[in-house]
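Architecture and fold: a report
In case you want the letters, here they are:
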Amino acid sequence: MRRFFSGAAPLFAGLFLLVPDALVYAKPNGDCRDADLILRNAKIVTMDPARSVASSLAIRNQRILATGSNADIAACAGPRTQTLDLQGHTVLPGLIDIHTHAIEWAKNLLRNDVDPGYPKVHSIAEIVKAIGEQAASAPKGKWIRGAGWDESKLAEHRYITRKDLDAVAPNTPVWLEHFTGHLGVANTRALELAHLTRDTPTPSGGVIDKDDAGEPTGVLKDNAQSLVQAVLPPDPPDLALKAVRLVTQKALEVGLTTIHDICLPADAMRAYQQARQEGWLKLRVQMAPLVSSVTEAQAQAAAGVYTGFGDDYLKLGAVKMFADGGMAAKTIAVYEPAAGEPGNLGLLIWRPEDMQKAQHILAAAGWQLETHAIGDRAMDEVLDSYQSVMKDLGLKEPRFRIVHAGLSTPAIQKRLRELHVLVDGNPAFVYWLGAFFSKYGQQRVRWAYPAKSYFDNGIVAAGTSDVPVTPISPWWGIWALVARREMQSGQILAPEERVTVVQALQMYTCNPAYSGFEENQKGSLEPGKLADFIVVDRDVLHVPTDELKVVQVLKTFVGGELVFTKAVPR
Ligand SMILES: [Zn+2]
């Protein structure tokens with residue numbers, strides 16, 4: 001009895017159903033011989049357009065030769081072919097995360113002195129205690145740094161302030177970044193080193209948080225963070241390279257074979273380049289630089305490189321811009337303020353005419369555009385700009401992207417569809433940040449990080465972690481797409497936006513491959529594509545929903561090469 005599945009549907013639209021016991025196999029083509037490696041006795045979820053499932057797969061020269069039955073693919077073997085019997089295990093295309101801050105996350109893991117993040121700590125008191133212990137032994141001039149705090153998961157349910165930190169670190173500078181990256185808190189010593197006082201002008205696109213007496217609280221939002229970041233001690237020269245090693249290891253062990261690393265500074269690009277040159281970059285990476293002004297856009301365009309330059313392992317991706325801030329920082333640009341925030345319509349980081357000018361320059365120079373926008377007002381600003389750039393330059397479907405698209409109302413979705421703008425969504429935010437959504441009212445919770453309506457409306461959306469905002473494991477996102485459960489209340493947010501497991505997988509395979517102009521190379525296991533795939537410990541198409549977040553990856557292959565094997569406990 002063969003137990004395979006198939007179903008037919010257009011690649012990027014609507015639902016497709018898996019029909020048990022129907023069998024669609026790609027026949028090995030005429031050239032299927034002398035395979036380097038054959039997988040057999042597997043349940044291979046190919047994610048091809050027919051959504052077929054195969055039991056065997058042949059690989060040669062880093063690419064897939066054929067998929068099919070054990071008997072069909074046996075014919076692809078030659079004298080030097082290796083065979084791997086997977087004993088019924090499930091195989092999936094390598095997973096793709098097109099929005100990570102992977103190097104920055106890894107650098108933080110390597111350099112930080114304290115971990116103020118959930119689940120390590122549960123209160124400001126615990127964070128203060130940890131800072132106090134560090135300060136007691138810190139040599140003069142040493143900074144204490146940490147990243148990852150989230151007030152919604154702290155007992156006090158408020159921001160940390162400089163006064164909390166001053167109590168235990170009066171002479172040692174402290175800088176603690178929020179898990180969203182949209183704010184940070186400095187103690188008084190750090191503010192002194194940054195020459196930041198009550199009279200410091202607010203940088204554009206930023207907020208210096210102040211108390212009722214007009215004194216800085218130590219909390220700096222969005223662009224205002226740069227006031228303190230500018231006086232942080234420089235990193236050791238080898239930190240970026242160590243971060244590449246850590247990222248590679250962490251990504252491959254959770255089943256990611258391609259990531260896009262966003263807002264990359266030059267040292268991180270050089271480190272990836274060195275890893276590629278030395279031959280040990282086993283993860284595929286698209287590097288996305290950040291542009292924050294028209295001047296930077298001009299410089300980026302003048303450099304003469306653009307999206308797609310590179311090879312199968314390392315290439316330039318899109319160029320990233322920020323249109324608004326973060327939900328937790330209350331700086332997303334909205335039409336109606338959140339509860340308890342009268343008059344706060346958030347932050348538009350760019351003047352609309354400047355955004356349009358910068359994006360025009362970049363698109364004309366060959367760059368794909370990806371712009372962070374969470375609030376509906378910010379998304380409209382970005383869509384206005386994209387629309388005018390596409391019209392001016394006569395671009396039909398340049399695959400411009402909106403990063404996050406947090407409050408994606410029906411009116412916004414209509415524009416996304418009409419302009420063929422893609423979404424880099426964040427399914428795991430529903431679980432990890434869902435508590436913030438409710439401040440924006442039920443109507444907007446309904447449209448927060450939707451997924452099903454993207455499928456229904458023919459909008460190509462990918463699932464991304466935005467690590468360090470949520471954990472790097474894509475299984476959190478895959479689970480959250482199917483479950484949509486919020487962490488603190490346990491409530492299912494907008495249950496009508498739940499999708500099937502296959503749709504969830506699509507958002508981590510074919511869809512992100514398309515967003516990265518790589519749909520002919522990856523995203524499904526089909527002849528001619530790169531042999532990037534993973535072996536997992538359970539049949540993901542048929543497990544109880546809550547098991548999706550604990551799926552373990554047993555083996556990861558990139559270009560047919562085994563690059564990760566899970567250690568078996570003895
Ligand atoms: Zn991000």
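These notes cover the structure that comes with them. As the structure is a computational prediction, the values presented were derived from the model and not from experiment. (Residues numbered from 1 in each chain as written. Predicted model: local features only at pLDDT ≥ 70, side-chain atom pairs only at ≥ 80, totals over all residues. Heavy atoms only, no water.)

**Description of the nonpolar core**
- With 119 residues, the main nonpolar core has Tyr 272, Met 327, Ile 402, Leu 416, Phe 437 and Trp 475 as its most contacted residues.
- With eight residues, helix α17 (residues 474-483) is the largest single contributor of residues to this core. (Core = buried A, V, L, I, M, F, W, Y, C linked by side-chain atoms within 4.5 Å. Buried < 20%, exposed > 50% of the residue type's maximum accessible area, 1.4 Å probe, protein only. Helix = DSSP H or I, 4+ residues; strand = E, 2+ residues; numbered from the N terminus.)

**Section: the sheet that holds strand β12 (residues 174-178)**
- Reading across from one edge, β11-β12-β13-β15-β14 is the order of the five strands in this open sheet, with mixed pairing throughout. Of all the strands in the sheet, just β11 (144-149) and β14 (206-210) have a single pairing partner and so form its edges. Within the sheet, the average angular offset between the axes of one strand and its neighbour, ignoring direction, is 20°.
- Looking at chain direction, β12 and strand β13 (residues 183-186) are connected through three bridges and run antiparallel. Looking at β13, one finds that Leu 176 is bridged to Val 185. (Pairing = 2+ DSSP bridges. Axes fitted to C-alpha atoms, helices over the stretch in contact; angles between N-to-C directions.)

**Points about the layout of surface pockets**
- Of the volumes computed, that of the second largest pocket is approximately 280 Å³.
- As for the second largest pocket, its lining consists of 14 residues, and the residues nearest its centre are Met 269, Gln 273, Met 287, Phe 309 and Leu 316.
- For the lining of the second largest pocket, the secondary-structure elements that each account for two or more residues are α8 (266-277) and β18 (314-316).
- Residues belonging to the lining of the second largest pocket are distributed by class as follows: nine nonpolar, three polar and two charged. (1 Å grid on protein atoms, 1.4 Å probe; cavity = no way out; pocket = protein on both sides within 12 Å on 5 of 7 lines; lining within 4 Å. Points joined across faces, edges and corners; volume = space filled by probe spheres on them. Nonpolar A, V, L, I, M, F, W, Y, C, P; charged D, E, K, R; others polar.)

**Focus: the coordination of the zinc ion**
- Protein-derived ligands of the zinc ion are His 99 (NE2), His 101 (NE2) and Asp 466 (OD), with the metal-ligand distances lying across 2.1 to 2.2 Å.
- Spacing between the donor residues of the zinc ion along the chain follows H-x1-H-x364-D. Highlighted residues: His 101 in the loop between β10 (95-100) and α2 (102-111) and Asp 466 in the loop between β23 (461-463) and α17, separated in sequence by 365 residues.
- His 101 sits in the buried class, given a relative accessible area of 16%. (Donors = N, O, S within 2.8 Å, 3.2 Å for Na, K, Ca; no water.)

**Remarks on the environment of Ile 472**
- When you line up the elements, Ile 472 lands in the loop between β23 and α17.
- What makes Ile 472 buried here is its relative accessible area of 10%.
- Put simply, Ile 472 and Glu 519 are 47 residues apart on the chain and 23 Å apart in space, counted from C-alpha to C-alpha.
- With residues up to four places along the chain from it excluded, the contact list for Ile 472 reads Trp 105, Ala 251, Val 254, Leu 256, Ser 465 and Val 467. (Contact = heavy atoms within 4.5 Å.)

**Digging into the pairing of strand β3 (residues 37-40)**
- Bridge analysis of β3 against strand β6 (residues 56-60) gives three bridges, and the strand direction is antiparallel. Counted as the bridge partner of Ile 38 is Ala 58 from β6.
- Judged from the four bridges that link them, β3 and strand β8 (residues 82-85) form a sheet pairing that is parallel. Residue pairing for β8: Ile 38 is matched across the bridge by Thr 83.

**Focus on helix α11 (residues 376-393)**
- Along its 18 residues, α11 runs 26 Å from first to last C-alpha, staying within 8% of the 26 Å computed at 1.5 Å per residue.
- Turning to α11, its buried residues are Asp 376, Ala 378, Met 379, Asp 380, Glu 381, Val 382, Leu 383, Ser 385, Tyr 386, Ser 388, Val 389 and Met 390.
- Buried residues belonging to α11 abut α10 (352-364), β20 (369-373), β21 (401-404), α12 (410-419) and α15 (442-446). (Expected span 1.5 Å × (residues − 1).)

**Considerations on the side chain of Arg 399**
- In this structure, Arg 399 sits in the loop between α11 and β21.
- Classification of Arg 399 as buried rests on a relative accessible area of 13%.
- Setting aside residues up to four positions removed in sequence, Arg 399 forms contacts with Gln 368, Leu 422, Tyr 514, Phe 517 and Glu 519.

**Topic: the sheet that holds β3**
- Read across the open sheet, the four strands follow the order β7-β6-β3-β8; overall the sheet is mixed. With one partner strand each, in any of the chains shown, β7 (63-68) and β8 form the two edges of the open sheet. Averaged over neighbouring strand pairs, the angle between their axes works out to 15° when direction is ignored.

**A word on the packing of aromatic side chains**
- All told, the structure shown has 11 aromatic pairs when counted by the stated rule.
- Ring centres 5.2 Å apart and planes at 70° place the aromatic pair Trp 432 and Trp 476 in the edge-to-face group. You can see Trp 432 sitting in helix α13 (residues 429-432) and its partner Trp 476 sitting in helix α17, a full 44 residues away along the chain. Take Trp 432 and Trp 476: they sit in the same class, and that class is buried. (Phe/Tyr/Trp six-rings, centres within 6.5 Å; stacked < 30°, edge-to-face > 60°.)

**Observations regarding the packing of helix α9 (residues 294-302) against α10**
- The interhelical angle for the contact between α9 and α10, taken along N-to-C directions, is 0°, at an axis separation of 9 Å. Accordingly, the angle class assigned to the pair α9 and α10 is roughly parallel. Of the residues in α10, those touching α9 at Val 294, Ala 297, Gln 298, Gln 300 and Ala 301 are Asp 354, Lys 357, Ala 358, Ile 361 and Leu 362.
- In terms of residue class, the contact of α9 with α10 is made up of six nonpolar, two polar and two charged. (Parallel < 35°, antiparallel > 145°, perpendicular 65-115°, else oblique.)

**Some points on the state of the cysteines**
- In the structure shown here, the tally under the stated rule is one disulfide.
- A sulfur-sulfur distance of 1.8 Å marks the disulfide that ties Cys 32 to Cys 76. Around the S-S axis, the bridge from Cys 32 to Cys 76 shows a dihedral of about 105° and counts as right-handed. Here Cys 76 lies in the loop between α1 (70-74) and β8 and Cys 32 lies in the loop between β2 (19-20) and β3, a separation of 44 residues in the sequence. Across the pair, Cys 76 and Cys 32 agree in class, each one buried. (Disulfide = S-S within 2.5 Å.)

**Some thoughts on the packing of helix α7 (residues 239-253) against α8**
- Relative orientation of the contacting elements α7 and α8 amounts to 60°, with a least axis distance of 8 Å. With respect to each other, α7 and α8 are oriented oblique. Between α7 and α8 lies a crossing whose hand is right-handed. When α7 is examined against α8, the residues Ala 240, Leu 241, Val 244 and Val 247 are found in contact with a partner set consisting of Asp 267, Ala 268, Ala 271, Tyr 272, Gln 274 and Ala 275.
- The residue makeup of the contact of α7 with α8, split by class, is eight nonpolar, one polar and one charged. (Left-handed = near helix turned anticlockwise from the far one by under 90°.)

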